[in-house]
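Inside the fold
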Amino acid sequence: MKHNTKQLFVLMLSGMLALLLAFAPVSSVMASTEPQEDIDDKLSKAFAAEQNWLEKQATAIEKTEQVVEKTQGFIDSAAAQGLDVTVLENALAPFTAAMPTVRSYHQDATGIIAAHEGFDANGEVIDRPAARETVKDARRALGEAHMSMTQAFWALRDAIEEWKETTFPQGA
């Protein structure tokens, strides 16, 4: 019995050691098996992609004014025809209210990319840790702007679809 207890203890100890090693943090040197030039190239490409995303996002944000104008025109036209537009008005208000948040996140991304910390004027890496932070922070700000704008568009689109289905039911 004493022999079995000792074996069980050794087995439990080795299992715990295996678990500790499995979840031990790996140093950054061990984590990166790529040559440093490849990492710099990937950071430069990521930075260029984020600059492109920033431009496209700026264009999309500019177009939100057209969306608001068209939707308001649609609401005014429907109201003039005597249709209930409460759902549409209630959907347009939060959409319009979300745009300052979208613009704020976009401005954050613009500032991060304009500062281009860790990158030279041509977008080449000059300070890897700073470049990594720039890419990460710009991606976060761009993503927040994207999600805020997308959620606002979906809510507005869904409200318009709901209004159409309620106001003009199929088969009626």
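In this report, we go over the structure that sits alongside the text.

What counts as what
Residues numbered from 1 in each chain as written. Predicted model: local features only at pLDDT ≥ 70, side-chain atom pairs only at ≥ 80, totals over all residues. Heavy atoms only, no water. Helix = DSSP H or I, 4+ residues; strand = E, 2+ residues; numbered from the N terminus. Contact = heavy atoms within 4.5 Å. Phe/Tyr/Trp six-rings, centres within 6.5 Å; stacked < 30°, edge-to-face > 60°. Buried < 20%, exposed > 50% of the residue type's maximum accessible area, 1.4 Å probe, protein only. Salt bridge = Lys/Arg side-chain N within 4 Å of Asp/Glu carboxyl O.

Once that is clear, we can look at the side chain of Thr 64. Positionally, Thr 64 belongs in helix H3 (residues 36-80). Filtering out sequence-adjacent residues up to four positions away, Thr 64 remains in contact with Phe 95, Met 99, Arg 103, Met 149 and Phe 153.

What follows is about the packing of aromatic side chains. Within this structure, the stated rule accounts for 4 aromatic pairs. With centroids separated by 5.7 Å and ring planes inclined at 90°, the aromatic side chains of Trp 163 and Phe 168 adopt a geometry described as edge-to-face. Looking at Trp 163, the relative accessible area reads 4%, which means it is buried. Under the relative-accessibility criterion, Phe 168 is labelled partly exposed at 49%. Taken together, Phe 74, Trp 163 and Phe 168 form an aromatic cluster joined through their ring pairs.

What follows deals with unusual backbone geometry. The backbone of His 116 sits at a positive phi, close to 35°, despite the residue not being glycine. Of note, His 116 is situated in the loop between helix H4 (86-115) and helix H5 (128-167).

Here the focus is the side chain of Glu 50. Relative to the helices and strands, Glu 50 is located in helix H3. Setting aside anything within four residues of it in sequence, one finds Glu 50 in contact with Ile 113, Thr 134, Val 135, Ala 138, Arg 139 and Leu 142.

Throughout the structure, instances matching the rule amount to 6 salt bridges. Across the pair Lys 45 and Asp 41 runs a salt bridge whose closest N-O atoms are separated by 3.3 Å. Within this pair, Lys 45 and its partner Asp 41 are both found in helix H3, separated by 4 residues, close to a single helical turn.

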